[in-house]
Amino acid sequence: ILVLPAFAIASEVIPVFSRKPIFGYPVMVAATVSIAFISLGVWAHHMFTVGMTSVGNIFFAISTMIIAIPTGIKIFNWLGTMYGGKIRLELPMLFCIAFLFQFLIAGLTGVMLSVAPFDWQLADSYFVVAHFHYVILGGIVFCIFSGFYYWWPKMSGRLYPEGWAKFAALLVFVGFNLTFFPQFILGYMGMPRRYHQYPAIDGWQVLNVLSTAGASILAVGYAL
């Protein structure tokens, strides 16, 4: 539900900067409606480890996998819109392209976590932290930035400094991926979340330093 407004922003910005109408509009609308309804039945995929019945695990695993279908359709719609278009790489479009890349990773890791035995191994690990942030920050917030930069000149009558804005967007993109992608690996290696200390295991320290450095870059990008 949270991501639907972000999808709407992407569906507005991508056709404008591709100089093409949205590809497969009726199918995209149907996919949006499907996501809205199917999402009402996926909430317990966060609860595979609480001891639900096998029937409950199966139902919510299947519903979580099914919702990936209309979501994938929307990604193909956006890519189809860009294909063959006269793409203008202005700031709102750059944020949407980053959104497509990051939300694809978010969706693929979500399908992985929809498999209950896989989820049992990675629940409460940094893998879940990374997946969540690729959905919320890499997906929703990047689209919000895209919409803000797209509508700001229309709302205010003033242009933003394009060079500084693109530099800040680059920092945000690099900082975000450097912060959270190593956490996929950390979670797969068994590092739990909600711990303020962790053992000095080979690989954990390096990846945590990379993640911390990425967070600093991300903060600078936000500040700019």
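Below: a short report on this structure. None of these values were measured; they are calculated from a predicted model. (Residues numbered from 1 in each chain as written. Predicted model: local features only at pLDDT ≥ 70, side-chain atom pairs only at ≥ 80, totals over all residues. Heavy atoms only, no water.)

## Quick look at the layout of surface pockets
Roughly 1,200 Å³ of volume is contained in the largest pocket. Surrounding the largest pocket, 37 residues form its lining, His45, His46, Gly110, His131 and Val135 being those nearest its centre. Residue assignment for the lining of the largest pocket shows that the elements contributing at least two residues are α3 (54-82), α4 (91-114) and α6 (126-156). Here the lining of the largest pocket gets nine residues from one element, more than from any other, and that element is α4. (1 Å grid on protein atoms, 1.4 Å probe; cavity = no way out; pocket = protein on both sides within 12 Å on 5 of 7 lines; lining within 4 Å. Points joined across faces, edges and corners; volume = space filled by probe spheres on them. Helix = DSSP H or I, 4+ residues; strand = E, 2+ residues; numbered from the N terminus.)

## Some points on the pattern of salt bridges
Going through the model one piece at a time under the given rule, you end up with four salt bridges. Across the pair Arg88 and Glu90 runs a salt bridge whose closest N-O atoms are separated by 2.2 Å. Residues Arg193 and Asp124 are paired through a salt bridge, measuring 3.0 Å at the closest nitrogen-oxygen approach. Residue Arg193 is found in the loop between α7 (162-188) and α8 (204-223), and its partner Asp124 is found in the loop between α5 (116-122) and α6; the two are separated by 69 residues along the sequence. Looking at Arg193, the relative accessible area reads 24%, which means it is partly exposed. (Salt bridge = Lys/Arg side-chain N within 4 Å of Asp/Glu carboxyl O. Buried < 20%, exposed > 50% of the residue type's maximum accessible area, 1.4 Å probe, protein only.)

## A closer look at the packing of aromatic side chains
Going through the model one piece at a time under the given rule, you end up with 25 aromatic pairs. Both rings, one in Phe127 and one in Phe184, keep their centres 5.1 Å apart while their planes meet at 65°; by these two values the pair is edge-to-face. Taken together, the residues Phe127 in helix α6 and Phe184 in helix α7 connect sequence positions 57 residues apart. Judged by its relative accessible area of 4%, Phe127 is buried. Here Tyr149 and Tyr160 contribute two aromatic rings whose centre-to-centre distance is 4.9 Å and whose plane-to-plane angle is 70°, an arrangement assigned as edge-to-face. You can see Tyr149 sitting in helix α6 and its partner Tyr160 sitting in the loop between α6 and α7, a full 11 residues away along the chain. (Phe/Tyr/Trp six-rings, centres within 6.5 Å; stacked < 30°, edge-to-face > 60°.)

## Digging into helix α1 (residues 4-18)
If you check α1, its first and last C-alpha atoms are 21 Å apart, about what 15 residues at 1.5 Å a residue would give, namely 21 Å. Among the residues making up α1, those that are buried are Leu4, Ala6, Phe7, Ile9, Ala10, Val13, Ile14, Pro15, Phe17 and Ser18. The elements touched by buried residues of α1 are α2 (25-38), α3, α4 and α6. Of the residues trailing α1, Arg19 is marked for its positive phi of about 55°. (Expected span 1.5 Å × (residues − 1). Contact = heavy atoms within 4.5 Å.)

## Points about the packing of α4 against α6
Running from amino to carboxyl end, α4 crosses α6 at an angle of 160°, the nearest separation of the two axes being 8 Å. Relative to α6, α4 is oriented roughly antiparallel. Between α4 and α6 the crossing geometry is left-handed. Residue classes in the contact of α4 with α6 are distributed as 20 nonpolar, seven polar and no charged. (Axes fitted to C-alpha atoms, helices over the stretch in contact; angles between N-to-C directions. Parallel < 35°, antiparallel > 145°, perpendicular 65-115°, else oblique. Left-handed = near helix turned anticlockwise from the far one by under 90°. Nonpolar A, V, L, I, M, F, W, Y, C, P; charged D, E, K, R; others polar.)

## Notes on a nonpolar patch on the surface
The grouping of Val27, Ile58, Ile62, Ile66, Ile69 and Ile73 at the surface amounts to a nonpolar patch, some 510 Å² of accessible area in total. No other element matches the five residues that α3 contributes to the nonpolar patch. (Patch = residues over 30% accessible without salt bridge, like charges linked within 9 Å, V, L, I, M, F, W, Y side chains within 5 Å. Areas by Shrake-Rupley, 256 points an atom, 1.4 Å probe, with all protein chains shown as cover.)

## Section: the environment of Phe142
Residue position: Phe142 is located in helix α6. Classification of Phe142 by relative accessible area gives buried; the value is 1%. On a C-alpha basis, the gap between Phe142 and Leu2 in space is 13 Å, while along the polypeptide they are 140 residues apart. Setting aside residues up to four positions removed in sequence, Phe142 forms contacts with Phe95, Ala98, Phe99, Gln102, Leu137, Val172, Phe173 and Phe176.

Read these as geometric descriptors, not functional statements.
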